[in-house]
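Observations on the model geometry
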Amino acid sequence: MTEKEKAQAGLLYKSTEEELKSELMRCKNLCAEYNRLMPSQSEERKALLKKILGKTGENFWIEQSFWCDYGYNIEIGENFYSNHNLVILDPGKVTFGDNCFVAPNCGFYTAGHALDAEQRNEGFEIALPITVGNNVWIGGSVCVMPGVTIGDNTIIGGGSVVTKDIPSGVIAAGNPCRVIRKITEADKNKYKRSL
């Protein structure tokens, strides 16, 4: 197996393989180009994101700055929005469903290092996929760690560190992130709407 195949299979791998180094540099250059575009260059920004990311819906927006490792492992659904300073470390797959909102300064990290110090010092890494369901709102400065799944219709409170799976239909927060309560019918009336 190549190091890339090992990474995608969730096995220990070394990111120093020439193919991975080349793909990483290509993506970093594209991210740097994206971050240099003027905010008003919406069509150019969208086209460049389609070049970076593995799969997108038609309606999406990522505010600058945005950084990722490879790009091709990231899939975003329809009506995806991320505020400033999104970082996605994607040697493993990162999938967002439809109608996901991501607040500023969030990170999604599929990358980890070997737990054994000797292996870690030899450069071994691990990549575990992250899956975010439909209709998810991620609060500001949230970190989602390797191997996590967040269910549909869930809210992750600002500042959370998500180390374990979070079910659908809940509000979860904290470090480590844990379920606070279910989202209920009463939440529809939490805030007043203008007519």
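Since the structure is predicted, the reported quantities are computational estimates derived from the model, not experimental observations.

Let us now look at the packing of aromatic side chains. Under the counting rule described, the total for this entry stands at four aromatic pairs. Residues Phe96 and Phe108 carry aromatic rings whose centres are separated by 5.0 Å and whose planes lie at 80° to one another, so their mutual orientation is edge-to-face. Of the two residues, Phe96 sits in strand S7 (residues 94-96) while Phe108 sits in strand S9 (residues 107-109), which places them 12 residues apart along the sequence. A residue is classified by how much of its surface remains accessible, and Phe108, at 0% relative accessible area, is buried.

Here helix H2 (residues 18-36) is 19 residues long and its end C-alpha atoms lie 27 Å apart, about the 27 Å a rise of 1.5 Å per residue gives. Those residues of H2 lying buried are Leu20, Glu23, Cys27, Leu30, Cys31, Ala32, Tyr34 and Asn35. The inward-facing, buried residues of H2 contact helix H1 (3-8), strand S1 (13-14), helix H3 (42-52), strand S2 (60-62) and strand S3 (66-68).

For the rest of this paragraph, the subject is the sheet that holds S7. Taken in spatial order, the four strands make up an open sheet running S4-S7-S12-S15, and their pairing is parallel. Bordering the open sheet on either side are strand S4 (74-76) and strand S15 (149-150), each of which pairs with just one other strand. In this sheet, S15 lies alongside strand S12 (residues 130-132) in parallel orientation, the contact comprising two bridges. Directly across from Thr131, in S15, lies its bridge partner Thr149.

Reading guide: rules and limits
- Residues numbered from 1 in each chain as written.
- Predicted model: local features only at pLDDT ≥ 70, side-chain atom pairs only at ≥ 80, totals over all residues.
- Heavy atoms only, no water.
- Phe/Tyr/Trp six-rings, centres within 6.5 Å; stacked < 30°, edge-to-face > 60°.
- Helix = DSSP H or I, 4+ residues; strand = E, 2+ residues; numbered from the N terminus.
- Buried < 20%, exposed > 50% of the residue type's maximum accessible area, 1.4 Å probe, protein only.
- Expected span 1.5 Å × (residues − 1).
- Contact = heavy atoms within 4.5 Å.
- Pairing = 2+ DSSP bridges.

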